[in-house]
Amino acid sequence: MSEEPVDASDFTQVRADMVLTFHKWSHPMFEAGITREVMAMAMYDMANDFEKFQQLANEETGLCFVERCKRVTESLHVIAKVVELIDNLPLRARVSALNMFNVLADQIGRLTLHGYTEEDEFSVIMREKAKSETYRWHLRFSDPACEPMQKTLTEYWEYLHFFLAGCSCYNCKWEYQLQNELK
Ligand SMILES: [Zn+2]
């Protein structure tokens, strides 16, 4: 991990790049164009970036910001390991794993340094995308053909969707509503 300090513009740029990368990877046509090893290495780099982004937490980010960065970091490590093994999986499980890229893109995209206002348009758009992706993702839960891959991914899906009690940022407010809806 680099010791270099990070600033808000690094965050905005890296976040946009990651979202783009994951959207590209989730596209089946893209599959042949990149090795799993390269994908996994890129994800470990992203995880390092997110570890550093924790430094950017302040009174505008929302109380949950550090925890969100930590969970993204940890999930990137786990999903990178899944990616390394992805070609050993049955086809449907592989498709599930690739779908996880969309989920990660949404989760990364809706992270914001402005948790209490809607001035960060990119994040607001990604939160809306996360909503529709969430419902689609939730419909996949009961596919028995994809166990145990589904189990791992579901675990991380749930891990990335959380609200911090006492945080009133828009991401936490949405998660709170969502978890009530999905009950
Ligand atoms: Zn929050």
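Cut-off values and rules
- Residues numbered from 1 in each chain as written.
- Predicted model: local features only at pLDDT ≥ 70, side-chain atom pairs only at ≥ 80, totals over all residues.
- Heavy atoms only, no water.
- 1 Å grid on protein atoms, 1.4 Å probe; cavity = no way out; pocket = protein on both sides within 12 Å on 5 of 7 lines; lining within 4 Å.
- Points joined across faces, edges and corners; volume = space filled by probe spheres on them.
- Helix = DSSP H or I, 4+ residues; strand = E, 2+ residues; numbered from the N terminus.
- Nonpolar A, V, L, I, M, F, W, Y, C, P; charged D, E, K, R; others polar.
- Core = buried A, V, L, I, M, F, W, Y, C linked by side-chain atoms within 4.5 Å.
- Buried < 20%, exposed > 50% of the residue type's maximum accessible area, 1.4 Å probe, protein only.
- Contact = heavy atoms within 4.5 Å.

Novice: Looking at this structure, how should I read empty space enclosed by the protein?
Specialist: Once rolled over the atoms, a probe with the size of a water molecule shows which space is left empty. One pass over the full model with this rule turns up 1 cavity of 30 Å³ or more. Roughly 60 Å³ of internal volume is contained in the largest cavity. Lining the largest cavity are Arg-68, Arg-71, Val-72, Gln-107, Arg-110, Leu-111, Leu-160 and Phe-162. With 3 residues, the top contributor of residues to the lining of the largest cavity is helix H3 (residues 65-84). For the lining of the largest cavity, the per-class residue count stands at 4 nonpolar, 1 polar and 3 charged.

Novice: Is there a simple way to think about the nonpolar core in this case?
Specialist: The tendency in soluble globular proteins is for nonpolar side chains to be buried side by side. Formed by 43 residues in total, the largest nonpolar core has its most connected members in Phe-22, Met-43, Phe-50, Leu-76 and Phe-101. Breaking this core down by element, the ones donating at least two residues are helix H1 (8-25), helix H2 (36-53), H3, helix H4 (91-109) and helix H6 (149-160). No other element matches the 9 residues that H4 contributes to this core. Filtering out sequence-adjacent residues up to four positions away, Phe-50 remains in contact with Met-18, Cys-69, Val-72, Thr-73, Leu-76, Ile-108 and Leu-111. Grouped together as the second largest cluster of nonpolar side chains are 5 residues, Cys-64, Phe-162, Cys-167 and Cys-169 included.

Purely geometric numbers; function is a separate question.
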